[in-house]
Amino acid sequence: MTANSENTPTTGVVVIGGGYAGVMAANRLTQRDDVTVTLVNPRPKFVVRLRLHQHVAGEPAPVVDYREILSERIRLVVDSATSIDAAGRTVSLDSGETISYDYLVYAPGSGSFDLSSIPGAEQFAYPVANLEAAARLREVVDATPSSAPITVVGSGATGMEVACELAEQGRAVTLVCGKVLCPYVHPKIRRKFAKRLAELGVTVVVGDGATVTAVSRDAVQLRDGRELASAVTIWTAGFSVPDLARRSGLSTDDTGRLLTDETLTSVDSDRILAAGDSASPSGVPFRASCATARPLGAYAADTILARLDNRQPKEVNIGTGFQCFALGRRTAIVQLASMSDVANRFSIGGLLAHKIKSSSYGLLTEELGKEARKPGSFTWRFKDNKRRQKLRDVARPRTVA
């Protein structure tokens with residue numbers, strides 16, 4: 001505990017990461033006057049990651065000033081956390097500064113797949129998972145003749161959106177999918193994606209052999225022996241999280257997400273909470289997305305507030321129910337799903353889907369701004385009533401016949 005200028009004890013909370021989860025948690029914590037919040041983030045502005053594919057295609061950098069979405073009571077430190085001392089309750093920063101905390105919210109987000117495992121990928125492939133990477137890729141694309149072949153590796157949401165943006169500009173795009181085109185979506189809806197890609201002239205490479213095994217300056221090599229010409233190779237496949245938790249000696253899952261219980265509390269320390277893409281509640285993480293990041297940030301903050309009030313924190317209960325895909329600047333598909341995030345055979349398309357997707361870019365940041373002005377106002381009505389069963393299934397020992 002620290003004290004303010006009136007010598008009143010206060011609780012100091014440090015939030016690592018200024019994305020959707022971190023900003024939501026930081027704003028929500030300002031409900032109490034006796035809580036001070038410090039947000040540590042490597043960039044001075046908030047990045048709207050949902051629009052990075054548009055930045056690659058020529059749009060301005062998708063950033064928002066933190067003063068528009070962050071409470072005035074929050075101290076913003078533009079720096080990177082290098083280690084966490086759970087026993088000493090401190091965070092060390094790249095600048096050399098050390099910050100003490102009473103509670104810590106771990107929300108550093110996610111990033112690109114580790115390209116070092118693919119020969120040539122680190123040198124010749126361009127990721128697009130953060131603002132700096134998207135900006136570098138944009139410069140490369142701008143300097144590349146419009147007729148030159150571009151290969152997009154990975155057909156998840158980012159890969160689909162980047163491929164469609166560039167193809168819509170008349171670029172010669174090949175989408176390397178692996179075994180399945182856009183694996184999240186239902187097979188029925190997948191046919192709609194394939195149709196849209198065909199309309200844009202995107203060459204789709206899919207199947208058991210459609211996995212990239214090496215990248216060179218002007219080509220990609222596939223597992224089945226094929227070689228595809230590629231003046232620019234864009235890598236969107238795979239997923240990683242910062243190794244800060246692991247390097248700090250905290251328990252993580254196999255991917256490096258911080259292991260927590262169902263109140264988002266670290267299994268190592270009841271003073272450390274996790275939210276967003278880098279959280280792994282009970283070792284069964286939610287899909288990495290802004291759709292889950294915001295409510296996870298709210299849950300993490302609520303756990304801290306409950307403990308300060310001597311109340312029992314609530315266990316996390318988040319349903320999703322859909323995922324939006326932009327398939328060019330004027331077309332989108334919303335894949336509907338169960339609350340446990342299993343895609344079904346229904347979707348929304350046409351003008352309505354486009355409005356849903358395009359409006360989400362601004363609505364989500366407006367939501368953060370509202371929480372800054374009225375902390376505690378954010379609500380998430382979608383619940384996953386099957387999560388308890390999912391956790392039991394994971395914990396159940398497997399028998400060998």
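Residue positions are given per chain, counted from 1 along the sequence in the order it is written. In keeping with the model being predicted, local features are shown solely for residues with a pLDDT of at least 70 and side-chain atom pairs are shown and tallied solely at 80 or more, while totals for entire chains, interfaces and linings include all residues. Heavy atoms from the whole structure form the basis of all side-chain values; hydrogens and water molecules are not counted.

Here's the deal with the overall build of the protein chain
Here comes step 1: Helix and strand labels come from DSSP, where a helix needs a run of H or I of at least four residues and a strand needs a run of E of at least two; each type is numbered from the N terminus. Broken down by element type, the protein chain carries 11 helices and 24 strands.
Here comes step 2: This radius of gyration counts C-alpha atoms alone. The globule rule is 2.2 Å times how many residues there are, raised to the power 0.38. Scaling as 2.2 N^0.38, a compact globule of 401 residues should have a C-alpha radius of gyration of about 21 Å, and the protein chain matches this with 22 Å.
Here comes step 3: By its C-alpha atoms, the protein chain is 65 × 55 × 45 Å across when sized along the principal axes.
Here comes step 4: A 1.4 Å probe rolled over the protein chains alone gives each residue an accessible area, and that area as a share of the maximum for its type sets the label: buried under 20%, exposed over 50%, partly exposed in between. For the protein chain, buried positions account for 51% of its 401 residues.
Here comes step 5: For the protein chain, restricting intrachain contacts to residue pairs at least 6 apart in sequence, the fraction spanning at least 24 positions comes to 61%.
Here comes step 6: When the accessible area of the protein chain is evaluated, it comes to approximately 18100 Å², of which 50% is carbon and sulfur surface.
Here comes step 7: All tallies of charge rest on Lys and Arg as positive and Asp and Glu as negative; His and the ends of each chain are not included. To locate a charge, take NZ of a lysine, CZ of an arginine, CG of an aspartate or CD of a glutamate. When the 49 positive and 42 negative side-chain charges of the protein chain are each reduced to one mean point, those points stand 8 Å apart. Contact definition: two residues touch when any of their heavy atoms are within 4.5 Å. With residues, only the protein chains shown are counted as cover, and all accessible areas are computed by Shrake-Rupley using a 1.4 Å probe.

Considering the sheet that holds strand E24 (residues 343-348)
Here comes step 1: What the 3 strands build is an open sheet, ordered E22-E23-E24; its pairing is antiparallel. For this open sheet the edge positions go to strand E22 (322-326) and E24, each flanked by a neighbour on one side alone. Neighbour-to-neighbour, the strand axes of this sheet turn through a mean angle of 25 degrees, independent of strand direction.
Here comes step 2: Note that E22 and strand E23 (residues 332-337) share 5 bridges and pair antiparallel. Strands qualify as paired when DSSP identifies two bridges or more between them. Here the axes come from fitting lines to C-alpha atoms, over the contacting stretch only for helices, and the angles between their N-to-C directions go from 0 to 180 degrees.

Some points on the sheet that holds strand E7 (residues 81-85)
Here comes step 1: With antiparallel pairing, the 3 strands of this open sheet are ordered in space as E7-E8-E9. Only two strands of the sheet have a single partner each, and these edge strands are E7 and strand E9 (98-100). Here the strands of the sheet are splayed against their neighbours by 20 degrees on average, with no regard to which way each runs.
Here comes step 2: Of the strand pairs in this sheet, strand E8 (residues 90-93) and E9 are connected by 3 bridges, and their pairing is antiparallel. Across the sheet, the residue bridging to Ser-92 is Thr-98, located in E9.

Regarding the packing of aromatic side chains
Here comes step 1: By convention, a stacked pair of Phe, Tyr or Trp rings (six-membered ring in the case of Trp) has centres within 6.5 Å and planes under 30 degrees apart, an edge-to-face pair has planes over 60 apart, and any other such pair is tilted. Enumeration over the complete set of coordinates arrives at 6 aromatic pairs.
Here comes step 2: Centroid distance Phe-378 to Trp-380: 6.4 Å. Interplanar angle 20 degrees. Geometry classified as stacked. Here Phe-378 matches Trp-380 in class, with each residue buried.
Here comes step 3: Taking 5.3 Å as the distance between ring centres and 70 degrees as the angle between the ring planes, the aromatic pair formed by Trp-380 and Phe-382 counts as edge-to-face.
Here comes step 4: You can call Trp-380 buried: its relative accessible area is 13%.
Here comes step 5: A residue is classified by how much of its surface remains accessible, and Phe-382, at 35% relative accessible area, is partly exposed.

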